[in-house]
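One letter stands for each residue in the lines below.
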Amino acid sequence: IRYLKNLINKNTVEDIAKSIPFVDLREGLRYFNEHNSLFEIENELNRHYYNEMLEFAERIASQGRLFKEFLKHEIDILNITTILRLKKEGMKKQEIEKFIFYCGHHLNKQTLNKMVHFDDPKEIIKVIKAHGYKKALEVAKDENSLIHIELALNNYLLNKAMLLFHQNPLSIDVLLGYMFAKQIEVRNLKILIKGKQLNIGDNMIEKELIVRRR
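Cut-offs used in this document
Residues numbered from 1 in each chain as written. Predicted model: local features only at pLDDT ≥ 70, side-chain atom pairs only at ≥ 80, totals over all residues. Heavy atoms only, no water. Buried < 20%, exposed > 50% of the residue type's maximum accessible area, 1.4 Å probe, protein only. Helix = DSSP H or I, 4+ residues; strand = E, 2+ residues; numbered from the N terminus. Polar contact = N/O pair within 3.5 Å; in protein donor to acceptor, adjacent residues only side chain to side chain. Salt bridge = Lys/Arg side-chain N within 4 Å of Asp/Glu carboxyl O. Contact = heavy atoms within 4.5 Å. Arc of directions from axis to C-beta.

Asks: Can you walk me through helix α7 (residues 109-117) in this structure?
Replies: Because each turn of an α-helix spans 3.6 residues, side chains separated by three or four positions in sequence point in the same direction. Inspection of α7 places Thr 111, Leu 112, Asn 113, Met 115 and Val 116 among the buried residues, and these make up the whole buried set. The residue sitting at the N-terminus of α7 and contributing the capping side-chain oxygen is Asn 108; that oxygen lies 3.3 Å from the backbone nitrogen of Gln 110.

Asks: Would you explain the pattern of salt bridges in this entry?
Replies: When charged atoms on two side chains of opposite charge get close, those side chains can pair. All told, the structure shown has 13 salt bridges when counted by the stated rule. Salt-bridge contacts for Asp 119 lead to Lys 87; the nearest nitrogen and oxygen are separated by 3.8 Å. Of the two residues, Asp 119 is situated in the loop between α7 and α8 (121-137) and Lys 87 in helix α5 (residues 62-88); the sequence distance between them amounts to 32 residues. The salt bridge partner of Glu 95 is Lys 98, with a shortest N-O separation of 3.0 Å. Where salt bridges share partners, they join Glu 27, Arg 30 and Glu 34 into one cluster.

Asks: Can you help me understand the side chain of Asn 46 in this one?
Replies: Tracing the backbone through its elements, the reader meets Asn 46 in helix α4 (residues 39-59). For Asn 46, the residues in contact, after removing those within four places along its chain, are Leu 78, Phe 101, Val 186 and Lys 190.

Asks: Can you walk me through unusual backbone geometry in this structure?
Replies: With a phi close to 55 degrees, Asn 36 is a non-glycine residue in the positive phi region. Here Asn 36 lies in the loop between α3 (26-35) and α4. Assessed through its relative accessible area of 55%, Asn 36 is described here as exposed. Of note in the backbone geometry, Asn 199 takes a positive phi value of approximately 60 degrees without being a glycine. Within the element layout of this structure, Asn 199 appears in the loop between α10 (172-197) and α11 (202-208). The class of Asn 199 is exposed, set by a relative accessible area of 70%.

Asks: Mind showing me how you'd approach α3 here?
Replies: Of the residues making up α3, those classed as buried are Gly 28, Leu 29, Tyr 31 and Phe 32. Down the axis, α3 shows its buried residues gathered within 160 degrees of arc, on one side only. Across α3 from its buried face, at more than 90 degrees, point the exposed residues Arg 26, Asn 33 and Glu 34.

So this is what it looks like as structure tokens:
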């Protein structure tokens with residue numbers, strides 16, 4: 001809590017970014033100053049999270065294999081939503097590639113780059129379905145809606161997590177607990193930075209943070 005309060009007291013996005021000791025956000029700040037967009041900073045925080053999680057999975061025995069597989073599915077889904085969102089915003093193909101994590105489960109670098117170079121979202125959806133996520137998208141109410149696609153993919157991830165938990169009830173809870181703790185850390189940092197960008201008051205920002213109360 002003390003660490004978060006120290007960050008809340010910072011005045012600008014740059015002040016917060018420079019005060020985070022475990023991730024280098026200089027490129028994200030450069031992008032923010034040029035485009036007034038936090039996307040690169042958020043991307044770097046996501047990169048930090050997945051690097052930490054994959055390294056953690058490597059350090060543990062048999063459960064690490066299952067946990068790593070889940071993380072790689074999560075990375076696939078993050079890449080899918082990132083590509084669809086940035087294509088919708090009209091970002092150039094070469095720029096989009098900078099925001100892709102080439103370490104997912106089904107979607108390798110060649111496949112992801114193919115998706116980036118399609119102009120028609122329907123072609124991207126075809127590739128996604130052909131590479132392991134056809135069943136996941138069956139529950140999407142509207143494949144032309146990014147929101148419905150994200151909901152369907154997140155539902156798929158939730159089912160994966162629950163299956164993992166039920167198959168390994170005595171051990172996977174520790175792994176998932178660590179994962180969600182790291183997710184909360186990154187989420188809080190995104191809220192802080194976004195709040196400073198929008199000049200939201202410190203009290204309002206603090207109410208949005210997830211913290212462990214003693």
